[in-house]
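Now for the letters of each chain:
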Amino acid sequence: MKNRSAPLTLAAAVLRITPTKPATQPQDPGRVLAWLGLCLLLAWPLHSRSADAPLADQPLPERGADGAPMGVRIAPGLTLGGYGTVQLALPRHALASSGDHAGEGDGDHGGSSPREDPQYARRNRLTLSHLSAIAWWEPAPAIKLLAELDSQDVLQLPTHHDNDDGVGSAPTVALERLYLDFLASDELKLRIGKFLTPIGRWNQEHSDPLTWTTLRPLISQSAFPTSATGLMLFGSLPLGPQGLDYQLYASGGSDWHASPRVDPFSSAIGLRLAAALSADLQFGLSAAQYVQQHQDRDRFDLLGLDAVWAVQGTEISAEAIVRRSRDDRATERGGFVQGRWPLAMRWSAVARVEAYKRAEDTGSHRSALLGLVYRSGHHWVGKVEWVEPNRAASGLPQGLLASLTLMY
Amino acid sequence: MHGLRQLACDATRRIGRRMLAMVAPGLLLWVPPLVAEPSEPAIAVIVAPSLVAALPLNQAMLIGVFRRKRQLWDDRTPIAPVNMPASHALRRNFSLWLFKRSPEDLQAYWNDQYFHGVLPPPVLASEEAVIRFVASTPGAIGYVSACSVDKRVLVAALLKGPDGAAPCAH
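The shown structure was predicted, so the numbers you read here are calculated from the model rather than taken from an experiment.

Peer 1: Would you take a moment to explain the sheet that holds strand E1 (residues 43–47) of chain B for this structure?
Peer 2: Strand pairing in a sheet relies on backbone hydrogen bonds. The paired strands run either parallel or antiparallel. All names here are of chain B. Spatial ordering of the open sheet is given by E2-E3-E1-E4, a layout of four strands whose pairing is mixed. Of all the strands in the sheet, just strand E2 (80–81) and strand E4 (154–159) have a single pairing partner and so form its edges. When E1 meets strand E3 (residues 140–145), the two strands line up antiparallel, connected through five bridges. Paired with Ile46 across the two strands is Gly142, which belongs to E3. Lying on the sheet, helix H2 (residues 59–66) is in contact with E1, E2, E3 and E4; it crosses E3 at an angle near 110°.

Below is the structure:
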């Protein structure tokens, strides 16, 4: 048992940035920025050759109704973008009881679990669920600094009350990502900082404009912290017609500006591989070994598989995960299958079934989701969906969810 | 039990006979299609003569370059791909022949990349503009009709449609 945890312990020791600071306290953002700035200054001479290359007049970025968003270029090499989402939740029992907050199931739901889903509400609620700012700076072709700050649920109607919505819906400003990329070659890149945990497809593509549903699957957020602070080696190896992408990462804890909704890593080491077998079919494999700060007695082993098949607008995706604790007390497992079918105009239908067994639940949580999505050519996305979970799991959304997202 | 099995066999045979009766006239009328004449000339992926050492480029490399997953040439010069506008016929064919996807189908990919700070290749409005840009910019790569290539640039790869490529008029 000791031997299996040795690499993790070593990685944690090597990567711990502030060893004297209590792990549960968020890092000072100013200190983080200063540290990254120092890295940038140290790295600058290594890339002076490419930075000194003569710059020709660049062609124009493509702007049009169906083009990808381009952000705003606010200085040479510095681009600012992001997205905002307004979310409407009409929970089933709130609809049935016309605003009776003490509706069915309240006693079971408790409302104090830190893992309660932030999208869950016992009453009708309209929120500015995300207001995200993403900035990236490329001072040289081989260096990129990227930061994302996400204001979550900062505006709510009616205003926030813990008793009604649970701690998961408290307004918060989260540092989603802050990292520096060094491009040694296309096969080998180094990322240092805070990044989205490379487990499964959904977590790294979880931003509202990229997903087909307002509700995240449990599998993408329950079993592991959604972000990690540490080091990552990644790249694309020239294997097969589309290449093999890999992400090898390690975290020593010390999560930067940890969100109160997340139980961050104490230490972690993991690998993700993704490959396209054809233009239509992609597979991914994720493996990780980690300890979380609020569950420091448990060391978890996680294995995940994911696939997506997309052809002529139809997309079928699936993810499955198994997280095992050493004493089997906090084992979680589950998966989902999701389909998206294009309808007329820019409308799509989406359906998802998920089965997931959380450690704290008595039985497996199962849910079905049916929804409609409208994707405008001008970077806004409207979604409306009905979520129907079984009663085995608590603190989860049920009823009608809708959202409107704008990318900028 | 035997009776049920017999019933199932009879039903299967009846359905098989009916399907054959429906399909047979179609088979008799089916005429193998004539070999389609290619209607589009090949697309030439072009680079500056200074990149001769990197040639030729295979399909995986081209996909990586125009998806911006490959960012450096072997000598560490940054790769600078350029596109034609999405409405241009050449762009549509390039996208279909290389990625097996229309430019619209790739929008989801570029939306995803946007959140990682990666933007799609910028665009130039004409083939002449692409040739001039590629010839004068270190690390640049673009594409034009194979009939438009001249000595200012090198052909790194040729893409043809499923029916082959039509000859140039001149």
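Peer 1: Mind showing me how you'd approach the nonpolar core here?
Peer 2: In summary, soluble globular proteins display a tendency toward joint burial of nonpolar side chains. Formed by 42 residues in total, the largest nonpolar core has its most connected members in Val45, Leu62, Phe66, Trp73, Phe94 and Ile141 of chain B. For this core, the secondary-structure elements that each account for two or more residues are E1, H2, helix H3 (89–99), helix H4 (107–114), helix H5 (127–136), E3 and E4 of chain B. With residues up to four places along the chain from it excluded, the contact list for Phe66 of chain B reads Val45, Pro81, Val82, Phe94, Phe99, Trp110, Pro121, Ile141, Gly142 and Tyr143 of chain B. Counting 33 residues, the second-largest nonpolar core is a separate cluster that includes Ala268 and Phe336 of chain A together with Tyr114 and Leu119 of chain B.

Peer 1: Explanation requested: the packing of aromatic side chains in the structure shown.
Peer 2: The description of an aromatic ring pair rests on the distance of the ring centres and on the angle between the ring planes. For the coordinates displayed, the defined rule picks out 14 aromatic pairs over all chains. Ring centres of Trp136 of chain A and Tyr114 of chain B lie 5.7 Å apart, and the angle between their planes is 85°; on these two criteria the pair is classed as edge-to-face. Here Trp136 of chain A is found in strand E3 (residues 125–140), whereas its partner Tyr114 of chain B is found in helix H4 on a different chain. With relative accessibility at 1%, the residue Tyr114 of chain B sits in the buried group. Considering the side-chain rings of Phe265 of chain A and Tyr290 of chain A, the 5.2 Å spacing of their centres and the 75° angle between planes classify their relative orientation as edge-to-face. Taken together, the positions of Phe265 of chain A in strand E9 (residues 265–276) and Tyr290 of chain A in strand E10 (residues 281–292) put the pair 25 residues apart, joining distant regions of the chain. Taken together, Tyr83 and Trp136 of chain A together with Tyr114 and Phe115 of chain B form an aromatic cluster joined through their ring pairs. Over the face of the ring belonging to Phe336 of chain A we find Arg352 of chain A, whose NZ or CZ atom lies 5.9 Å from the ring centre. Lying across the ring of Tyr109 of chain B, Arg67 of chain B places its NZ or CZ 4.5 Å from the centre.

Peer 1: When you look at the confidence of the model for chain B in this model, what are you seeing that I'm missing?
Peer 2: Residue and element names in this part refer to chain B. Across chain B, the average pLDDT comes to 82, with 77% of residues at 70 or higher. Of all secondary-structure elements in chain B, the lowest mean pLDDT belongs to helix H1 (residues 2–29), at 57, while E3 reaches the highest, 95. We note a pTM of 0.77 for the whole complex and an ipTM of 0.76 for its interfaces.

Peer 1: Hey, could you run me through the environment of Pro238 of chain A in this one?
Peer 2: Its place among the elements puts Pro238 of chain A in the loop between strand E7 (227–237) and strand E8 (244–251). A sequence separation of 51 residues divides Pro238 of chain A from Glu187 of chain A, and the C-alpha atoms of the two residues are 8.0 Å apart.

Peer 1: How do you make sense of unusual backbone geometry when you look at a structure like this?
Peer 2: Peptide bonds are mostly trans, and most non-glycine residues show a negative phi. That bond from Leu157 of chain A to Pro158 of chain A is cis: its omega, -10°, falls within 30 degrees of zero. Of note, Pro158 of chain A is situated in the loop between strand E4 (143–157) and helix H6 (162–165). Backbone torsion omega between Leu55 of chain B and Pro56 of chain B reads -10°, so that peptide bond is classified as cis. Counting through the fold element by element, Pro56 of chain B comes out in the loop between E1 and H2. Positive phi values are uncommon outside glycine, yet Asp153 of chain A reaches one of about 55°. Relative to the elements of secondary structure, Asp153 of chain A occurs in strand E4. A relative accessible area of 4% places Asp153 of chain A in the buried class. Positive phi values are uncommon outside glycine, yet Lys100 of chain B reaches one of about 60°. In this structure, Lys100 of chain B sits in the loop between H3 and H4.

Peer 1: So what exactly am I meant to see when it comes to the pattern of salt bridges here?
Peer 2: Oppositely charged side chains may form a pair once their charged atoms are brought near each other. Residue and element names in this part refer to chain B. In this structure the tally under the stated criterion is 14 salt bridges over all chains. The salt bridge involving Glu104 is made with Arg92; its shortest N-O contact spans 2.7 Å. Placement of Glu104 in the loop between H3 and H4 and of Arg92 in helix H3 is noted, with a sequence separation of 12 residues between them. Take Arg92: its relative accessible area is 32%, and that puts it in the partly exposed class. Residue Glu128 pairs with Arg152 through a salt bridge whose shortest N-O separation is 2.9 Å. Taken as a pair, Glu128 in helix H5 and Arg152 in the loop between E3 and E4 lie far apart in primary sequence, 24 residues in all. Judged by relative accessible area, Glu128 falls into the partly exposed class, the value being 35%. Judged by relative accessible area, which is 32%, Arg152 ranks as partly exposed.

Rules and cut-offs
- Residues numbered from 1 in each chain as written.
- Chains lettered and ligands numbered in written order.
- Predicted model: local features only at pLDDT ≥ 70, side-chain atom pairs only at ≥ 80, totals over all residues.
- Heavy atoms only, no water.
- Pairing = 2+ DSSP bridges.
- Helix = DSSP H or I, 4+ residues; strand = E, 2+ residues; numbered from the N terminus.
- Contact = heavy atoms within 4.5 Å.
- Axes fitted to C-alpha atoms, helices over the stretch in contact; angles between N-to-C directions.
- Core = buried A, V, L, I, M, F, W, Y, C linked by side-chain atoms within 4.5 Å.
- Buried < 20%, exposed > 50% of the residue type's maximum accessible area, 1.4 Å probe, protein only.
- Phe/Tyr/Trp six-rings, centres within 6.5 Å; stacked < 30°, edge-to-face > 60°.
- Lys NZ or Arg CZ within 6 Å of the ring centre and 35° of its normal.
- pLDDT = per-residue confidence, 0-100.
- Salt bridge = Lys/Arg side-chain N within 4 Å of Asp/Glu carboxyl O.

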